[in-house]
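Residue-level structure breakdown
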Amino acid sequence: WQLSDVNFAALPITVASAQDSSFESKKIVPFVPSPQEVVDKMIELAGVKKDDVVFDVGSGDGRIVIAAAKKGAKATGFEIDGDLVKESRENIRKAGVQNLAEIRQQDILTVDFSPASVVTMYLLPDVNLKLKPNLLSQLKPGSRVVSHSFDMGDWKPDKVERVDWRTIYLWTIPEKRR
């Protein structure tokens, strides 16, 4: 064969610019914002209050982080998309909750969940399943996990709520078995 025989258009090639700094290649979920009524129900279902530490993985434009901060919780969003990080930081500033809310540009698969008492997510089923072992091993018993639309496989939720046609799942981290 010769180089001229190769159909380059058919090859799966990813081109990353220097500014992507490898984050773009790690983007595993598209940004689809949760409607505000879903955000409010997620916060309510998790029972977010002043002494909570809320982590939102795949935090998008920051709306869940902002809602949690407005309840008085310390809220951190983890987002890999640089443009969404900038937008969400601006949204936090506009909402006046910078003292309680922050966004970190980070791959969600590398987050240390141990400081959190609540974790919120609107990801995809396979991503939820990838995060499940970390959630179960790192979160303290009694911590809550809330997911918009997608469950965690064989981990049965404590509560399932609906907002219109959307489903929201709640799990509570169980006591560790001896």
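Placed above this text is the structure.
In this text, all values refer to a predicted model and were calculated from it rather than measured experimentally.

**Considerations on unusual backbone geometry**
Non-glycine residue S149 carries a positive phi angle of around 80°. Take S149: it is sitting in the loop between β5 (144-148) and β6 (159-163). By relative accessible area, S149 is classed as partly exposed at 24%.

**Thoughts on the pairing of β5**
Most of β5 is tucked away, with five of its five residues classed as buried. Side chains of β5 alternate between two faces, with R144, V146 and H148 and V145 and S147 buried alike. One ladder, built from four bridges, connects strand β4 (residues 118-121) with β5; its direction is parallel. Bridging from a neighbouring strand, M121 pairs with S147 of β5. In this region the chain leaves β4, passes through helix α4 (residues 125-138) and returns to the parallel neighbour β5; the handedness of that crossover is right-handed. Pairing geometry for β5 and strand β7 (residues 166-172), over five bridges, is antiparallel. Residue pairing across strands places R144 opposite T172, the latter belonging to β7.

**Focus: the sheet that holds strand β2 (residues 74-79)**
What the seven strands build is an open sheet, ordered β3-β2-β1-β4-β5-β7-β6; its pairing is mixed. If you trace the sheet from one side to the other, it starts and ends with β3 (101-105) and β6, each paired once. Strand-to-strand twist across the sheet, computed as the mean angle between neighbouring axes with direction ignored, equals 20°. Seen against the sheet, helix α3 (residues 82-95) touches β2 and β3 and runs at an angle of roughly 170° to β3.

**Side note on the pattern of salt bridges**
Under the criterion given, the structure shown has nine salt bridges. We note a salt bridge from K41 to E44, for which the minimum N-O separation is 3.2 Å. With K41 and E44 both in helix α1 (residues 36-46) and three residues apart, the pair spans about one turn of that helix. A salt bridge links R104 to E102; the shortest N-O distance between them is 3.2 Å. Note on E102: relative accessible area 29%, which makes it partly exposed. Residues participating in the shared-partner salt-bridge network are K41, E44, K159 and E161.

**Quick word on the nonpolar core**
Ranked by internal contacts, the top residues of the largest apolar core, which has 26 residues, are V48, V54, A68, I92 and I168. Only α1, α2 (63-70), α3, β3 and β7 provide two or more residues apiece to this core. The residues contacting V48, other than those within four sequence positions of it, are I43, V54, A68, K71, A73, V118 and R144. Core analysis: the next-biggest nonpolar cluster, separate from the first, contains 21 residues, V57, F78, W155 and W171 among them.

**Considering the packing of α1 against α2**
A pair of packed helices is characterised by two quantities: the angle between their axes and the separation of those axes. Between α1 and α2, the least distance of the axes is 10 Å, while the angle of their chain directions is 50°. The angle between α1 and α2 places the two elements in the oblique class. Remark: the crossing between α1 and α2 carries right-handed chirality. Counting all contacts with α1, which are made through Q36, V39, M42 and I43, the residues of α2 involved are R63, I64, A67 and A68. For the contact of α1 with α2, the class distribution of residues is six nonpolar, one polar and one charged.

**Focus: α3**
In a regular helix each residue adds 1.5 Å, so 14 residues correspond to 20 Å; α3 covers 20 Å between its end C-alpha atoms and thus fits that length. Among the residues of α3, those classed as buried are L84, V85, S88 and I92. Taken around the axis of α3, the buried residues stretch over an arc of 105°, which confines them to a single face. Exposed residues on α3 whose side chains face more than 90 degrees from its buried face are D83, K86 and K94. Among the structural elements, α2, β2 and β3 are those in contact with the buried residues of α3.

Rules and cut-offs
- Position numbers for residues start from 1 in each chain and track the written sequence from start to end.
- Totals for whole chains, interfaces and linings use every residue, but because this is a predicted model, local features are given only for residues with pLDDT of at least 70 and side-chain atom pairs only at 80 or more, for both listing and counting.
- To obtain the side-chain values, all non-hydrogen atoms of the structure were used and water was disregarded.
- Comment: elements are numbered from the N terminus, with helices defined as DSSP H or I runs of at least four residues and strands as E runs of at least two.
- Burial here depends on accessible area, computed with a 1.4 Å probe over protein chains only, as a share of the maximum for the residue type. Under 20% is buried, over 50% is exposed, and the range in between is partly exposed.
- In this scheme, strands are said to pair when DSSP sees at least two bridges between them.
- If you view a crossover with the strands going away from you and the path from the first strand over the helix to the second runs clockwise, you call it right-handed.
- Fitted lines through C-alpha atoms serve as axes, helices being fitted only where they are in contact, and the angles separating the N-to-C directions of these axes extend from 0 to 180 degrees.
- In what follows, residue pairs with any heavy atoms lying within 4.5 Å of each other are defined as contacts.
- Whenever a carboxyl oxygen of Asp or Glu lies within 4 Å of a side-chain nitrogen of Lys or Arg, that contact is scored as a salt bridge.
- Note on terminology: a nonpolar core comprises buried Ala, Val, Leu, Ile, Met, Phe, Trp, Tyr and Cys residues joined through side-chain atoms within 4.5 Å.
- An angle counts as roughly parallel when it lies under 35 degrees, as roughly antiparallel when it exceeds 145, as roughly perpendicular when it falls between 65 and 115, and as oblique in every other case.
- Handedness of a crossing is defined here by the sense of rotation of the near helix relative to the far one, left-handed for an anticlockwise turn of less than a right angle and right-handed for a clockwise turn.
- Just so you know the grouping, Ala, Val, Leu, Ile, Met, Phe, Trp, Tyr, Cys and Pro go in nonpolar, Asp, Glu, Lys and Arg go in charged, and all remaining residues, Gly too, go in polar.
- Given the number of residues in a helix, its expected span is that number minus one, multiplied by 1.5 Å.
- Each C-beta atom gives one direction from the helix axis, and the arc is the one those directions make.

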